[in-house]
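Spelled out from the first residue to the last, the chains are:
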Amino acid sequence: MNASSRAITIIGAGLAGSLLAILLSRKGWDVTVYERRGDPRVNGYESGRSINLALAERGRHALRQADAEDAVMARAVMMRGRMVHFAGGGEQLQRYGRDDSEVIWSIHRADLNITLLDLAESAGAKIHFYRRLHTVDFPAGYARFIDDRDDSPHDIRFDTLIGADGAGSALRAAMNRASPLGERGEFLGHSYKELEIPPGADGRFQIEANALHIWPRGDYMCIALPNDAGTFTVTLFLPNEGPTSFANVRSGAEARALFERDFADALPLIPHLERDWEHHPPGLLGTLYLDRWHLGDRAVLLGDAAHAMVPFHGQGMNCAFEDCVALAAQLEARDNLASAFAAFEAERKPNAAAIQAMALENYTEMRDRVDDADFLLQRQLEQVLQQRHPDRFVPHYTMVTFMRIPYAVALERSQIQRELLQQATRGHADLAQIDLDALARTVHERLPPLQVP
Ligand code: FAD
């Protein structure tokens with residue numbers, strides 16, 4: 001498409017909006033971004049949620065396309081695997097991959113967002129802060145924004161709008177009013193609360209730095225991700241209702257009692273438990289499904305605005321970044337906006353649905369399975385099968401996290417592999433009892449060699 005004649009207006013300068021602004025500005029598009037909040041470089045970052053995020057290969061690849069990878073990785077903390085803290089005491093590191101070439105990275109949301117904003121502006125994008133999208137007149141090409149500091153309205157004319165305004169997207173609501181998108185939201189029934197482990201007296205991490213810590217407790221769990229300043233952000237996921245739930249654990253003192261009972265080794269590390277508990281409201285978790293992501297050539301949605309998901313695969317941002325690369329490529333490849341948006345939607349929607357499903361499944365695995373004997377035996381067998389059939393049997397976590405094959409392919413192959421692992425380990429306590437030659441025949445029958453792009 002002839003980019004020089006086209007202007008693009010992006011709603012939201014969060015993670016996806018600012019990355020897309022870099023990619024499109026560099027390709028010669030005239031990019032303007034409108035962001036509800038103030039400039040984080042001037043006013044500090046107001047986020048209110050998930051202070052740090054796990055960055056994996058899909059996200060890193062997108063950052064590479066925007067020449068942002070080095071700046072982001074300079075402050076990232078490597079996480080080799082899950083450090084599981086057992087209910088009865090003791091801990092165990094379960095590696096994510098084969099070695100340190102297969103790891104994930106903890107990055108700070110504010111640092112990442114600021115890096116991307118700087119790069120977007122230097123690529124030529126114009127970013128307007130304190131502009132909350134309020135209403136859109138699609139046929140006339142007018143949009144109204146509100147400055148929440150004084151409620152003043154600001155009207156603009158646009159050619160096309162890209163919605164990177166997150167799970168509560170105002171652009172999605174406006175598109176839905178103009179022509180229903182088939183929106184369906186499913187709340188999880190569990191919410192989360194963030195707490196902090198500060199550095200020790202020597203300024204260093206108080207627990208193993210290069211791991212994602214998990215305290216699995218059946219129906220609920222705690223996790224902790226490292227930050228480069230020696231702190232950990234702890235996230236407690238609990239049901240909204242039930243015996244151990246946000247309905248029952250309300251006060252800071254009740255939270256302390258819960259930690260004394262279920263997370264005893266974490267409790268001494270969190271000095272401000274009561275204060276943080278009472279000041280941070282629980283964050284809601286859910287999955288958003290849409291039948292359509294675009295409105296002709298007038299508007300398209302991406303990232304959380306199109307497909308918010310629960311955070312248990314650590315892929316929401318990674319997926320949103322893949323969306324940005326895919327949309328920028330379709331805009332280059334097609335000769336009009338409507339066909340670029342339609343092709344983007346056709347490419348990404350099945351993959352977003354696949355990672356949404358895998359993220360939901362992973363919650364059960366993290367809180368309830370990582371400390372089970374049959375789960376651990378299946379992981380051992382998975383490693384053996386990976387060594388014996390490296391082009392056919394690629395572990396689920398590897399396909400999602402360390403590769404860029406479509407999520408839908410990862411889901412399909414993971415379902416077959418899970419079935420094979422369950423059948424092969426049923427009734428067995430160790431690997432020596434499993435007939436690996438018979439299993440090799442099944443692997444060849446059911447899993448064709450994996451095509452890597
Ligand atoms: P957002 O980051 O939400 O950005 C939206 C932007 O739009 C914001 O700047 C907002 O202020 C702005 N905006 C909103 N409304 C308007 C409006 N009306 N007008 C103008 N601007 C507006 N993902 C991972 O990959 N790895 C992880 O480890 C991970 N952990 C997570 C943990 C938790 C607890 C949660 C809740 C999420 C996690 N995610 C993770 C998911 C990740 O946070 C999101 O997928 C990602 O932020 C989506 O980026 P986005 O740009 O689409 O939306």
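Above this text sits the structure in question.
Residues numbered from 1 in each chain as written. Predicted model: local features only at pLDDT ≥ 70, side-chain atom pairs only at ≥ 80, totals over all residues. Heavy atoms only, no water.

Turning to the sheet that holds strand β9 (residues 132–137), a few remarks are in order. Strand order in the open sheet formed by three strands is β9-β10-β11, and the pairing between neighbours is antiparallel. Edge positions in the sheet fall to β9 and β11 (152–157), since each of these pairs with one other strand and no more. Geometrically, the sheet is characterised by an average inter-axis angle of 25° between neighbouring strands, direction not taken into account. Pairing geometry for β9 and strand β10 (residues 142–147), over five bridges, is antiparallel. Its bridge partner lying in β10, D137 is registered against Y142. (Pairing = 2+ DSSP bridges. Helix = DSSP H or I, 4+ residues; strand = E, 2+ residues; numbered from the N terminus. Axes fitted to C-alpha atoms, helices over the stretch in contact; angles between N-to-C directions.)

With that settled, the discussion passes to the layout of surface pockets. Taken as a whole, the second largest pocket spans an internal volume of roughly 860 Å³. Along the walls of the second largest pocket sit 33 residues, with R82, E365, F375, R379 and E382 positioned nearest its centre. Taken together, the elements giving at least two residues each to the lining of the second largest pocket come down to β6 (91–95), α11 (337–369), α12 (373–388), α13 (396–401) and α14 (407–425). Considering every element that reaches the lining of the second largest pocket, the biggest residue donor is α12, with nine residues. The residues that make up the lining of the second largest pocket include at least three from each of domain 1 (3–76 + 108–185 + 286–361) and domain 3 (372–446). (1 Å grid on protein atoms, 1.4 Å probe; cavity = no way out; pocket = protein on both sides within 12 Å on 5 of 7 lines; lining within 4 Å. Points joined across faces, edges and corners; volume = space filled by probe spheres on them. Domains from an automatic or database assignment.)

In this section: the site of the ligand. With respect to spatial proximity, 31 residues lie near the ligand, and among them E35, R37, A54, R109 and D304 are the closest. In this structure, A16 approaches the ligand through a main-chain N or O atom, which is 2.8 Å from an oxygen atom. The contact in question runs from an oxygen atom of the ligand to an N or O atom on the side chain of R37, over 2.7 Å. Coverage of the ligand by the protein chains reaches 91% of its 1,000 Å² of free accessible surface. (Near = heavy atom within 4 Å. Polar contact = N/O pair within 3.5 Å; in protein donor to acceptor, adjacent residues only side chain to side chain. Areas by Shrake-Rupley, 256 points an atom, 1.4 Å probe, with all protein chains shown as cover.)

A side chain with one charge may pair with a side chain of the opposite charge, provided their charged atoms come close. With the rule as written, the count across this model stands at 32 salt bridges. One salt bridge connects D262 with R261, and the closest N-O pair in it is separated by 2.8 Å. One salt bridge in this structure joins D437 and R388, with 3.8 Å as the shortest N-O distance. Of the two residues, D437 is situated in helix α15 (residues 436–446) and R388 in helix α12; the sequence distance between them amounts to 49 residues. Salt bridges here are not isolated pairs; linked through shared partners, they connect D39, R41, D118 and E121. (Salt bridge = Lys/Arg side-chain N within 4 Å of Asp/Glu carboxyl O.)

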